[in-house]
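Below are the chains, spelled out letter by letter.
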Amino acid sequence: MELRNLRHFVALAEERSFTRAAARELIVQSGLSTSIRALERDVGAPLFVRGTRPVRLTAAGDALVGAARRALEAAAAARQVVQDVEGTLSGRLRIGTINSVGHTMPFNAWLAEFAHTYPGVTIVVTQDATLRMLEMVRSGELDCALLSAPQTSGLSAIQMISDPVVLACSNDHPLAGNSTVRLSDLDGERFVDTPVNWAVRVLVDEAFQAANLSRRIVCEVNEWTSVLDLVNAGVGVSLVPAGLDFGHYRRQLGIRLIPLADVRMERRLDFVFPTGEAISPATRRFAELLKRRCPPDPGEGPAGGRGD
């Protein structure tokens, strides 16, 4: 069983397209097909259902994905042992981020520093919903992720930031003059919100359910600036992380941000990655960079728990 065939198999399993997988592996589609057939002969079973779009794994293929990723990671780690002796780092860093990460920390500056320090590493950034990226880290589709997670069980986590969730409303909203608001003040309100698989949405839904309160979600968008544009237009109110960069909206649009008086919801941004030997060399080095740039607050406990 050749590592090259396993790599092509994993690429096709992740991309679900011969065209995209071949482009990712820098080979022609006929070469990819030949590689997959060779692997199927080695394992003695078909790995993909032929003729389906998108490409679909057979039961045997689905069972092989995890083992194939671990084999490739072990091979990469073996190469890295030798390269460490030579003082080099190579391979890929597949990192996931939430859409709003650039509003709260200099993520691109960190990537640039890492890229200059380790020019042999190819960096692949994926933006997706928090819960989806957690599963991608657990399954090996991502090496690591910067995200706001409801919980990070089974993964290592470095806490980056933590700040409260507050009410955002337009200047002409009846609550705009309040210094604080209670959750009960929002019972029955019209809300602009994020999708259900965003961690901050999970927090807010749980808080309303626990208080036996209701709200009407009149608009759902997957970008915080869009949330604030709609709040400013009077479409509804929203519960948002206070630590996002809201300077433009405060100065030019006049959106009000009001603390909650009776419930505390905290937005946390964590760097999560596999535990133990499953962590890739590139992820380990990136984690070291983040620890240098964002040293832990002595008043904070270990990472984990609720997030945004």
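All of the points below concern the structure found in this document.

### Regarding the pairing of strand β11 (residues 266–273)
Here comes step 1: With respect to burial, β11 is a largely interior element, seven of its eight residues being buried.
Here comes step 2: Sheet analysis places strand β5 (residues 144–147) next to β11, joined by three bridges and oriented antiparallel. Bridge pairing in β11 links leucine 146 to phenylalanine 271.
Here comes step 3: Where strand β6 (residues 156–169) and β11 come together, eight bridges link them in antiparallel fashion. Of the residues in β11, the one forming a bridge with aspartate 163 is arginine 267.

### Overview of the packing of helix α6 (residues 107–117) against helix α11 (residues 281–293)
Here comes step 1: It is the contact of α6 with α11, at a shortest axis distance of 11 Å, that shows an interaxial angle of 125°. Of the possible angle classes, the one that applies to α6 and α11 is oblique. As for how α6 packs across α11, the hand of that crossing is right-handed. Contact residues: α6 offers Phe107, Trp110, Leu111, Glu113 and Phe114, while α11 offers Ala282, Arg285, Phe286, Leu289, Leu290 and Arg293.

### Observations regarding helix α8 (residues 199–210)
Here comes step 1: Spanning 12 residues, α8 covers 17 Å between terminal C-alpha atoms, matching the ideal 16 Å at 1.5 Å per step.
Here comes step 2: Within α8, the full set of buried residues consists of Ala199, Val200, Arg201, Val202, Leu203, Val204, Ala207 and Phe208.
Here comes step 3: Looking one or two residues past α8, asparagine 212 carries a phi angle of roughly 55°, positive in sign.

### With respect to the pattern of salt bridges
Once their charged atoms are close, side chains differing in charge can pair, the charge on each being opposite to the other.
Here comes step 1: In total, this model carries 18 salt bridges according to the counting rule given.
Here comes step 2: Across the salt bridge formed by glutamate 25 and arginine 7, the nearest N and O atoms sit 2.7 Å from each other. Residue glutamate 25 is found in helix α2 (residues 18–25), and its partner arginine 7 is found in helix α1 (residues 3–15); the two are separated by 18 residues along the sequence.
Here comes step 3: The exposure class of arginine 7 is partly exposed, given its relative accessible area of 37%.
Here comes step 4: Close ionic contact of glutamate 15 with arginine 24 constitutes a salt bridge, the shortest N to O distance being 3.1 Å.
Here comes step 5: One connected set of salt bridges, linked through shared partners, spans Arg7, Glu14, Glu15, Arg20, Arg24, Glu25 and Arg69.

What counts and how
Residues numbered from 1 in each chain as written. Predicted model: local features only at pLDDT ≥ 70, side-chain atom pairs only at ≥ 80, totals over all residues. Heavy atoms only, no water. Buried < 20%, exposed > 50% of the residue type's maximum accessible area, 1.4 Å probe, protein only. Helix = DSSP H or I, 4+ residues; strand = E, 2+ residues; numbered from the N terminus. Pairing = 2+ DSSP bridges. Axes fitted to C-alpha atoms, helices over the stretch in contact; angles between N-to-C directions. Parallel < 35°, antiparallel > 145°, perpendicular 65-115°, else oblique. Left-handed = near helix turned anticlockwise from the far one by under 90°. Contact = heavy atoms within 4.5 Å. Expected span 1.5 Å × (residues − 1). Salt bridge = Lys/Arg side-chain N within 4 Å of Asp/Glu carboxyl O.

Shape is all these values report; function is a separate question.
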